[in-house]
Amino acid sequence: MEIRAVRGMHDVFGEEIRLWHFIEEKIKKILGDFGFSEVRTPVLEKIEVFKETVGDETDIVEKQMYAIEKESETLVLRPEGTASFMRAVLEHGLHKQGGTGRYYYYEPMFRHERPQKGRLRQFHQFGAEIINDASPEADAELITVLDQIYRAFHITEYEVRINSVGCQDCRPVYKEALKKFFQPKLSSLCELCQKRFERAPMRILDCKRDSCQAIAKGAPVITDSLDEKCKMHHETLRKRLKETNVAYIDDPHIVRGLDYYSRTAFEFTSNLLGAQSALGGGGRYDLLATRFGEKEVPAVGWGLGMERLVIALETRKDIALPSENPVFYFASLGAKAFDTLFPLSLQLKRDGVRNEMTYDPAKSLKSQLKQADKSGAKYTVVLGEDELNQKQFLLKEMATGKQEALPLADLRKELSRRISAH
Ligand code: HAM
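Residues numbered from 1 in each chain as written. Predicted model: local features only at pLDDT ≥ 70, side-chain atom pairs only at ≥ 80, totals over all residues. Heavy atoms only, no water.

### What to know about the nonpolar core
Among the nonpolar cores identified, the biggest contains 54 residues, and F50, F85, M86, I131, F182 and L205 are the most heavily contacted of them. Looking at which element gives the most residues to this core, the answer is helix 4 (residues 82–92), with five residues. Residues contacting F85, with those up to four places away along its chain left out, are V39, Y103, Y105, E129, I131 and Y285. In terms of nonpolar packing, the next biggest core, distinct from the first, is built from 45 residues, V145, F268, V300 and A312 among them. (Core = buried A, V, L, I, M, F, W, Y, C linked by side-chain atoms within 4.5 Å. Buried < 20%, exposed > 50% of the residue type's maximum accessible area, 1.4 Å probe, protein only. Helix = DSSP H or I, 4+ residues; strand = E, 2+ residues; numbered from the N terminus. Contact = heavy atoms within 4.5 Å.)

In structure tokens form, the structure reads like this:
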């Protein structure tokens with residue numbers, strides 16, 4: 001058997017997991033400060049949760065879902081968080097609790113895409129969603145939260161691109177205008193765009209091919225077709241973002257690859273990422289609940305790609321991760337010394353003091369000291385036959401190399417002193 005993880009799915013450990021923990025804690029703190037509370041949903045959902053909600057025509061639903069057939073049901077590994085979140089909202093009546101609801105999730109997502117840097121088949125998203133609030137201020141708040149997250153990591157190389165994709169009333173008019181524009185140029189568009197022309201002409205606008213982009217440049221923009229309400233919503237959002245000092249770019253080509261959006265759509269892009277430029281993105285999805293056969297639930301949110309944030313941060317050398325090095329390394333020689341240090345080591349761990357020691361009685365003192373060096377411990381405690389005979393132990397401060405022989409009877413007291421100074 002070839003021992004390898006599934007293509008496009010990664011193990012995370014060592015230095016990298018420390019960076020992940022650092023990021024996760026910071027983001028959770030910011031979300032908490034803005035009043036968001038966590039929701040965890042199952043990894044598996046019935047296929048219907050995504051099929052007609054995210055949209056039959058979207059890449060995610062059309063070709064990227066991992067499906068499992070079980071007992072005449074088709075279950076899929078969650079490809080995105082918003083539809084499962086809305087399923088949970090409707091199932092538990094969270095929208096009936098009154099007032100604005102702020103929720104976030106941090107979960108793995110699964111999409112059968114062609115893997116490349118920043119594009120995985122299992123990736124992780126932080127998502128933030130606000131429900132029961134139709135105001136442009138809720139959109140402004142969410143964009144500000146995402147902006148705050150990147151700022152908190154001192155990432156400056158990104159752009160906030162906003163657009164409005166209109167609503168059920170004004171979007172069909174715009175789609176017709178777009179089709180009229182693309183019709184004479186149809187044969188020059190790529191195969192995928194030609195396929196999208198009939199049912200999803202707006203997706204042509206975000207095709208990454210240079211030739212399609214060149215054609216799309218002259219296309220009519222949706223902001224010229226918005227009805228009064230959508231226009232007002234968008235103008236207020238722009239005003240609020242200016243007030244909160246979020247620098248944004250109006251980008252009429254932000255249409256998003258998911259089908260449930262209305263009005264606000266936005267993306268945070270960065271050239272730190274290479275081909276996959278989206279750090280995060282989202283928008284308003286007031287009508288998603290109706291696709292589940294329920295009444296409208298005003299809602300807006302975003303998803304942030306963890307792996308892409310990690311890539312953006314790995315280019316920086318100035319991040320000081322909190323130290324996870326042990327305070328003590330216990331080196332022992334002989335059964336009696338081991339019997340003294342082993343319970344002490346475990347007790348200190350119970351007390352929350354990091355320490356290490358080997359349980360291998362055959363390990364020489366020399367190799368233990370080597371291990372102590374490697375562990376990055378602040379102090380090494382040495383207890384061998386000689387020390388025991390003299391009722392002493394050695395305490396070495398690793399940074400200075402300073403070594404003291406101290407009374408064995410004072411072992412705990414001396415360690416406590418070092419712990420409180422730590
Ligand atoms: P999305 O644009 O599909 O939106 O994904 C959001 C973010 O997840 C992307 O900007 C990117 O950073 C990351 N991402 C997406 N696909 C991959 C991949 N294959 N590998 C690595 N990272 C990836 C959504 O999923 C919406 N549910 C966001 C939303 C929440 N809209 C409203 N509320």
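### A short note on the pattern of salt bridges
Within this structure, the stated rule accounts for 29 salt bridges. When the shortest N-O distance is used, the salt bridge between E267 and R256 registers 2.6 Å. With E267 in strand 9 (residues 264–269) and R256 in the loop between strand 8 (248–250) and strand 9, this residue pair connects regions lying eleven residues apart in the sequence. We classify E267 as buried; its relative accessible area is 17%. Owing to a relative accessible area of 11%, R256 belongs among the buried residues under this scheme. Salt-bridge contacts for D410 lead to K413; the nearest nitrogen and oxygen are separated by 3.9 Å. Residue classification places D410 among the partly exposed residues on the basis of a relative accessible area of 22%. (Salt bridge = Lys/Arg side-chain N within 4 Å of Asp/Glu carboxyl O.)

### Structural notes on the domain arrangement of the protein chain
Taken domain by domain, the protein chain comprises domain 1 (14–170 + 226–314) and domain 2 (328–421). Taken over C-alpha atoms, the centre of domain 1 sits 50 Å from the centre of domain 2. (Domains from an automatic or database assignment.)

### Observations concerning the site of the ligand
The ligand sits among 27 residues. The nearest are E80, T82, E113, E129 and Y261. Between the ligand and the protein, one listed contact pairs an oxygen atom with a side-chain N or O atom of Q125 at 3.0 Å. For the ligand, an oxygen atom lies 3.3 Å from a polar atom in the backbone of G305. Counting only elements with at least two residues in the shell around the ligand, the list comes to strand 6 (122–131), strand 10 (278–284) and strand 11 (299–305). It is strand 10 that contributes the most residues to the shell around the ligand, six residues altogether. Residues belonging to the shell around the ligand are distributed by class as follows: ten nonpolar, ten polar and seven charged. (Near = heavy atom within 4 Å. Polar contact = N/O pair within 3.5 Å; in protein donor to acceptor, adjacent residues only side chain to side chain. Nonpolar A, V, L, I, M, F, W, Y, C, P; charged D, E, K, R; others polar.)

### Notes on the environment of V39
Tracing the chain through its elements places V39 in the loop between strand 1 (37–38) and strand 2 (44–46). Remark: the alpha-carbon pair of V39 and T82, spanning 43 residues in sequence, is separated by 11 Å. Residues within four places of V39 in sequence aside, it is in contact with F85, Y103, Y104, Y105 and E107.

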